2 protein chains.
Amino acid sequence: MTRTRLTAAERGEQLVAAAVKAFAVSGYTGTSTDDVARLAGVSQPYVIRLFGGKQRLFIAAVEHAAARIEQVFRDAAERSPDLDSLGQAYDELLAERDLLTLLLHGFAASADPTIGGAVRECFGRIYRLVRELTGADAEEARDFLASGMLLTVLASMQVLGPGAVPPEPWMAELAGSIHKSCAEPEPGG
Amino acid sequence: MTRTRLTAAERGEQLVAAAVKAFAVSGYTGTSTDDVARLAGVSQPYVIRLFGGKQRLFIAAVEHAAARIEQVFRDAAERSPDLDSLGQAYDELLAERDLLTLLLHGFAASADPTIGGAVRECFGRIYRLVRELTGADAEEARDFLASGMLLTVLASMQVLGPGAVPPEPWMAELAGSIHKSCAEPEPGG
DNA sequence: TTGACATGTTATCAGTCGATAACTACCTTG
DNA sequence: CAAGGTAGTTATCGACTGATAACATGTCAA
């Protein structure tokens, strides 16, 4: 029989994973701690006790998402330490839409000082990591992050990524011009 | 004596303006219809009756913000129909942070099908307008929107715009490299 | 003036939410 | 086995929210 009780650390990780999924759908205020609790199969008061409050759970989820992106970037840079490599890695992150949408909810929720502080720190860390891994200058890093933000927004709007909405012409145009710079050989060549 | 009663249309406009401000701070679920009502100086049930529900009020606010951006772009294109001109206009929109943050909340809330549909329509309309006004190709328009999304996120995070947080090094770097392409002469030259 | 419509309010409700308190069950260590 | 810490639950609460209903007030045309 499987273990019936987990350590607090294990349960915490499980809850953060559930929080990423739940908060990505409905945002900070729109998601109840009970939503997260049920997704992880525990009771709602236990979530509160483990994290000390809803806000801390949300911030933990945002930081988890940011850490995941950092990890993906590090892996990509290990293969090839340039912006193209990281860009390709970010494209693959579109498959994990929850991460990106959660971050977007975090950005939008920055009016709350505590959340804003945490979110800015995550963003700054990613910016510095991109420059450090690729040696890009400020302008190059800025363009890279700009593309990333557009992809993040499009993914959250379900214009890109798995389970995307039926494409309108403008969506196809936008998606088609993505990573033109990555120089895929023309189809049928 | 000033009129004590407004027409429904006038009150509606007033409420949409209040909704933009209120929803920008706390998002769709985090803002109560009573918040909006008090900001506009009317009772909460009246807001519901005028708009039919909270969701319709939110969508009206998002569409208002998008329409404002379209208007700013049209004005800019009338002066000079190129992307630099529109980019400069968008920079000035940073002063109206509410608009951009509200849109960001809208993007993030796209998991709701009704809101998602409205938000995607606004985004598509802006994309088409940019191409139409400037004659930009898909790739140019994409880069323009990407920069816009980064600016929107930075403004929402209070990294840019009025009342921004005390700048960290990475913020100064990101802000400093913005619109390098707009070719300001080097300082002290 | 009067009546009818449009503008707006107060009262109220059923549902939801985050958080606390108190209790229970499990597991390890001596 | 006993005991104490760890993991987890149920019960409950006060506050808040969106929406409805009923009522009140201002405005304009005939």
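Definitions and limits used
Residues numbered from 1 in each chain as written. Chains lettered and ligands numbered in written order. Predicted model: local features only at pLDDT ≥ 70, side-chain atom pairs only at ≥ 80, totals over all residues. Heavy atoms only, no water. Helix = DSSP H or I, 4+ residues; strand = E, 2+ residues; numbered from the N terminus. Buried < 20%, exposed > 50% of the residue type's maximum accessible area, 1.4 Å probe, protein only. Contact = heavy atoms within 4.5 Å. Areas by Shrake-Rupley, 256 points an atom, 1.4 Å probe, with all protein chains shown as cover. Lys, Arg positive; Asp, Glu negative; His and termini not counted. Charge placed at Lys NZ, Arg CZ, Asp CG, Glu CD. Polar contact = N/O pair within 3.5 Å; in protein donor to acceptor, adjacent residues only side chain to side chain. UniProt positions renumbered as here; feature names shortened; annotations may be inferred. Buried area = accessible area lost by both parts, 1.4 Å probe. Salt bridge = Lys/Arg side-chain N within 4 Å of Asp/Glu carboxyl O. Phe/Tyr/Trp six-rings, centres within 6.5 Å; stacked < 30°, edge-to-face > 60°. Least-squares fit on C-alpha atoms with pLDDT ≥ 70 in both. Axes fitted to C-alpha atoms, helices over the stretch in contact; angles between N-to-C directions. Parallel < 35°, antiparallel > 145°, perpendicular 65-115°, else oblique. Nonpolar A, V, L, I, M, F, W, Y, C, P; charged D, E, K, R; others polar.

Chain A goes by TetR family transcriptional regulator in an unreviewed UniProt entry, where it is assigned to Plantactinospora endophytica.

Visitor: Help me understand the overall build of chain A in this model?
Guide: Secondary structure summary: chain A contains 9 helices and 0 strands in total. Reading chain A from its N end, one meets helices and strands in the order α-α-α-α-α-α-α-α-α. Each of the three principal axes of chain A carries a C-alpha extent, and together these read 55 × 40 × 40 Å. The 189 residues of chain A split such that 49% are buried. Excluding contacts between residues fewer than 6 apart, the proportion of contacts in chain A whose partners are at least 24 apart in sequence is 65%. Accessible surface for chain A amounts to roughly 9000 Å². Of this, 51% is attributable to carbon and sulfur atoms. Computed over 18 positive and 25 negative side-chain charges, the separation of the two mean positions in chain A equals 11 Å.

Visitor: Would you explain the side chain of R97 of chain B in this entry?
Guide: All names here are of chain B. Positionally, R97 belongs in helix α6 (residues 97–108). A polar atom in the side chain of R97 sits 3.0 Å from the backbone oxygen of L160. Dropping the residues within four chain positions of it, R97 is found in contact with A155, Q158, L160, G161, P162, G163 and A164.

Visitor: In this structure, what is going on with the UniProt feature "domain: HTH tetR-type" (unreviewed entry) in chain A? I would like to understand it.
Guide: According to UniProt, the feature "domain: HTH tetR-type" (unreviewed entry) maps to residues 9–69 of chain A in the numbering used here. As annotated, residues 9–69 of chain A comprises 89% helix and 0% strand, and the C-alpha atoms at either end are separated by 22 Å.

Visitor: I tried to follow the UniProt feature "DNA-binding region" (unreviewed entry) in chain A on my own but got confused; where do I start?
Guide: The UniProt record annotates "DNA-binding region" (unreviewed entry) at residues 32–51 of chain A. Annotated as residues 32–51 of chain A, this span is 80% helix and 0% strand, and its ends, taken at the C-alpha atoms, are 14 Å apart.

Visitor: Sorry, what's going on with the interface of chain B and chain A here?
Guide: How big an interface is tends to be stated in terms of the accessible area lost upon association of its parts. Taken together, the contacts link 41 residues of chain B with 41 residues of chain A. For the pair chain B and chain A, the two sides together bury roughly 3700 Å², of which 67% comes from carbon and sulfur. A salt bridge links R131 of chain B to E173 of chain A; the shortest N-O distance between them is 2.4 Å. For the pair chain B and chain A, the number of links is 15 residue pairs in polar contact (both at pLDDT 80 or more). Going through the elements one at a time, α1 (8–30), α6, α7 (113–134), α8 (138–156) and α9 (169–176) of chain B are the ones with two or more residues in the side of chain B that touches chain A.

Visitor: What's the story with unusual backbone geometry in this structure? I'm lost.
Guide: Among all residues except glycine, the phi angle is most often negative; among peptide bonds, the trans geometry is most common. Even without being a glycine, Q158 of chain A presents a positive backbone phi close to 65°. Take Q158 of chain A: it is sitting in the loop between α8 (138–156) and α9 (169–176).

Visitor: Help me understand the packing of aromatic side chains, please; the structure alone is not making it clear to me.
Guide: The description of an aromatic ring pair rests on the distance of the ring centres and on the angle between the ring planes. Overall, the coordinates contain 14 aromatic pairs over all chains when judged by the stated rule. Both rings, one in F23 of chain A and one in Y28 of chain A, keep their centres 6.4 Å apart while their planes meet at 40°; by these two values the pair is tilted. Y28 of chain A shares its class with F23 of chain A; the two are buried. Centre to centre, the rings of F73 of chain B and Y90 of chain B are 6.1 Å apart; their planes meet at 40°, and the pair counts as tilted. With F73 of chain B in helix α4 (residues 54–79) and Y90 of chain B in helix α5 (residues 83–93), this pair connects stretches of sequence that are 17 residues apart. Residues F73 of chain B and Y90 of chain B agree in their burial class; the two are buried. Every member of this aromatic cluster is reached through a ring pair, and the members are F23, Y28 and F58 of chain A.

Visitor: What is the right way to read the relation of the copies chain B and chain A from this model?
Guide: When chain B is fitted to chain A, the residual RMSD is 0.0 Å, and the transformation amounts to a turn of 180° plus an axial shift of 0.0 Å. The two molecules are tied by a two-fold rotation axis, judged by turn and shift. Relative to the rotation axis, the C-alpha of A146 of chain B is the closest in chain B, positioned 2.4 Å from it. The fraction of interface residues of chain B whose copies in chain A are also interface residues reaches 100%, indicating that both copies meet through the same surface.

Visitor: Just to check I follow, could you spell out the side chain of S156 of chain B for this structure?
Guide: Relative to the assigned elements, S156 of chain B resides in helix α8. Separated by 3.1 Å, the side chains of S156 of chain B and T101 of chain B make a polar contact. Once you skip the residues sitting within four places of it in the chain, S156 of chain B turns out to touch F107 and S110 of chain A together with L100, T101 and L104 of chain B.

Visitor: How do you make sense of the packing of helix α3 (residues 44–51) of chain A against helix α4 (residues 54–79) of chain A when you look at a structure like this?
Guide: A pair of packed helices can be characterised by two numbers: the angle between their axes and the separation between those axes. All names here are of chain A. α4 packs onto α3 with a crossing angle of 75° between their chain directions and a minimal axis gap of 8 Å. What the angle tells us is that α3 and α4 run roughly perpendicular. Facing V47, I48 and F51 of α3, the residues of α4 in contact are K54, R56, L57 and A60. The class makeup of the residues in the contact of α3 with α4 is 5 nonpolar, no polar and 2 charged.

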